[in-house]
Each structure stands twice: as C-alpha cells, then as structure tokens.
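Each chain, written out:
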Amino acid sequence: YTPVRENGITVIRADSQNASSGLVRKMTIDPAEYPVVRWRWKIENTLPGGNVREKSGDDYPARLYITFAYDPDRLSFFERTRYNAARLLYGEYPPTGAISYIWASNAPAGTMVPNPYTDKVMMFAVKSGTEKAGEWITETRNVYADYQRAFGEKPPEISGVAIMTDTDNTGGSATAFYGNIEFLKQIPD
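None of the values given here were measured: they were computed from a predicted structure.

What to know about the packing of aromatic side chains
Link 1 in the chain: Applying the stated rule across the entire model yields 7 aromatic pairs.
Link 2 in the chain: Seen from their ring centres, Y147 and F151 are 4.7 Å apart, and the 45° between their planes marks the pair as tilted. Highlighted residues: Y147 and F151, both in helix 2 (residues 143-151), separated by 4 residues, approximately one helical turn.
Link 3 in the chain: Its guanidinium or amino end placed over the ring of W136, R40 lies 4.2 Å from that ring's centre, counting from NZ or CZ.
Link 4 in the chain: Over the ring of F177 we find K42; its NZ or CZ atom is 4.7 Å from the centre of that ring.

As for the side chain of T175
Link 1 in the chain: On the secondary structure map, T175 appears in strand 11 (residues 173-184).
Link 2 in the chain: Under the relative-accessibility criterion, T175 is labelled buried at 9%.
Link 3 in the chain: For T175, the residues in contact, after removing those within four places along its chain, are R13, A14, D15, K42, I43, E44 and N45.

A short note on the sheet that holds strand 3 (residues 22-29)
Link 1 in the chain: Spatial strand order, 3-10-5-6-8-7: 6 strands in an open sheet with mixed pairing. Looking at which strands have only one partner, the edges of the open sheet turn out to be strand 3 and strand 7 (112-115). Between one strand axis and the next, the sheet turns through 25° on average, direction left out of account.
Link 2 in the chain: By the bridge criterion, 7 bridges tie strand 5 (residues 60-68) to strand 10 (residues 158-166) in an arrangement that is antiparallel. In the strand pairing of strand 10, Y60 is matched with D166.

Comments concerning helix 2
Link 1 in the chain: When helix 2 is considered as a whole, its buried residues turn out to be V143, Y144, D146, Y147 and A150. Considered in projection along helix 2, the buried side chains sweep an arc of 165° and stay on one side of the axis.
Link 2 in the chain: In this structure N142 caps helix 2, since a side-chain oxygen of it lies 3.1 Å from the backbone nitrogen of Y144.

A look at the pattern of salt bridges
Link 1 in the chain: Using the criterion set out here, one finds 8 salt bridges in the structure.
Link 2 in the chain: Among the ionic pairs, D58 bridges to R63, the shortest N-O distance being 3.3 Å.
Link 3 in the chain: In this structure D58 comes out as buried when scored by relative accessible area, which is 5%.
Link 4 in the chain: Residue classification places R63 among the buried residues on the basis of a relative accessible area of 2%.
Link 5 in the chain: Note that D146 is salt-bridged to R141, the shortest N-O span being 3.0 Å.

Focus on the environment of N45
Link 1 in the chain: The residue N45 is located in the loop between strand 4 (36-43) and strand 5 in this model.
Link 2 in the chain: Spatially, the C-alpha atoms of N45 and S105 are 8.6 Å apart, while their sequence positions differ by 60 residues.
Link 3 in the chain: For N45, the contacting residues outside a window of four places in its chain are P61, S173, A174 and T175.
Link 4 in the chain: A distance of 2.8 Å separates a polar atom in the side chain of N45 from the backbone oxygen of S173.
Link 5 in the chain: Of note is the side chain of N45, whose polar atom sits 3.4 Å from the backbone nitrogen of T175.

Observations concerning the confidence of the model for the protein chain
Link 1 in the chain: Of the residues in the protein chain, 86% have a pLDDT of 70 or more, and the chain-wide mean is 90.
Link 2 in the chain: In the model of the protein chain, helix 1 (residues 77-90) stands out as the element of lowest mean pLDDT, 61, in contrast to strand 4, which has the highest, 98.

Parameters at a glance
Residues numbered from 1 in each chain as written. Predicted model: local features only at pLDDT ≥ 70, side-chain atom pairs only at ≥ 80, totals over all residues. Heavy atoms only, no water. Phe/Tyr/Trp six-rings, centres within 6.5 Å; stacked < 30°, edge-to-face > 60°. Helix = DSSP H or I, 4+ residues; strand = E, 2+ residues; numbered from the N terminus. Lys NZ or Arg CZ within 6 Å of the ring centre and 35° of its normal. Buried < 20%, exposed > 50% of the residue type's maximum accessible area, 1.4 Å probe, protein only. Contact = heavy atoms within 4.5 Å. Pairing = 2+ DSSP bridges. Axes fitted to C-alpha atoms, helices over the stretch in contact; angles between N-to-C directions. Arc of directions from axis to C-beta. Polar contact = N/O pair within 3.5 Å; in protein donor to acceptor, adjacent residues only side chain to side chain. Salt bridge = Lys/Arg side-chain N within 4 Å of Asp/Glu carboxyl O. pLDDT = per-residue confidence, 0-100.

This is the structure we're talking about:
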C-alpha cells in the first residue's frame, strides 16, 4: 500500500501478487449517527479464478471492510470465551462482525454472500467484472441498513475500516487504487 499522486490528489495504490494483506484504520463511529459510507476506488484488473462462494476463489482486486466492535451481549457463552482468549493473546477484542464491500471478479453486482471462511463477515458485491476497470468509481452505501440486512439486527459501533487487495487464494496479481473514505449522516443529493 503506497501513497501516490494521481490527477493532483493523493490516493493509495495497492499491489498484490499471490499475497493477502490489508491497511487498517481503527476508529469508533456510531452507525446510527453516521450510517453512510462513501469512497472512491479503481482497479486495473480482476482475478479470473475469483469465486465468492469458495475459499479457493476468495480474492478480490479491491475490498472495503467495515468492522464492528466486540459486544458480549450478542455472543454465546462459548463465543465470549473464545473472544476473551483472543483478547489475552492480542491485547484487545477482535471485531464481532464485518461487512466487506467487494469488487468481484465474477459474481454479479448486488450479490450478498457470507465470506467462505466465516459467517461473521458478510460480503456485498458492489462492482463486478472489468467493464469499469481503469475508471475511478465513487460508491455510497448505507452501512446501517446493510448490517441489518446481513445480520438481522442493529449494528454495534463501527470499530475500524480497512482496504484490501488480495490474491493469495487464486495465486494471481491485482492492482487497485483507493481514494477518500468518509462516513456521512445521510446520502448526499
């Protein structure tokens, strides 16, 4: 993840070659007060082996993750025990859930599916395919409504945002660019 200048604006360039990593920013946001996320992104290519329903295809040229804070009231006894063990190991509780807005390679835009590794992450295919590759696209999503749709309940506090360009499962390579990410009180006109 490298800051670069494009058209006089600083953006993040992400390059991935048979690897997986993310750039994370921890923050606390009340999704009831700021339910809308808006961001800009651009890809150079998709991954032919990408498949949202299989671990072997769980790669995307661009992802925007929204993570949600640990809330013990939403977890079973066994889940709380597991989260407490993670806290002891890492010094903090991991998120209890996440929404991943993806630029899918093959799944149609509008697809909502659990991540093949965990049902704690729900993926929304916001864009798909190469038709818009090379173009800056501005996306706007209602995180509050998407969380309710994905998990059937009101969301806890947002605990962080991450960008991710990953290719480890398909063994491919991808390049993406990420612009401003902002949380808003309402969808702009």
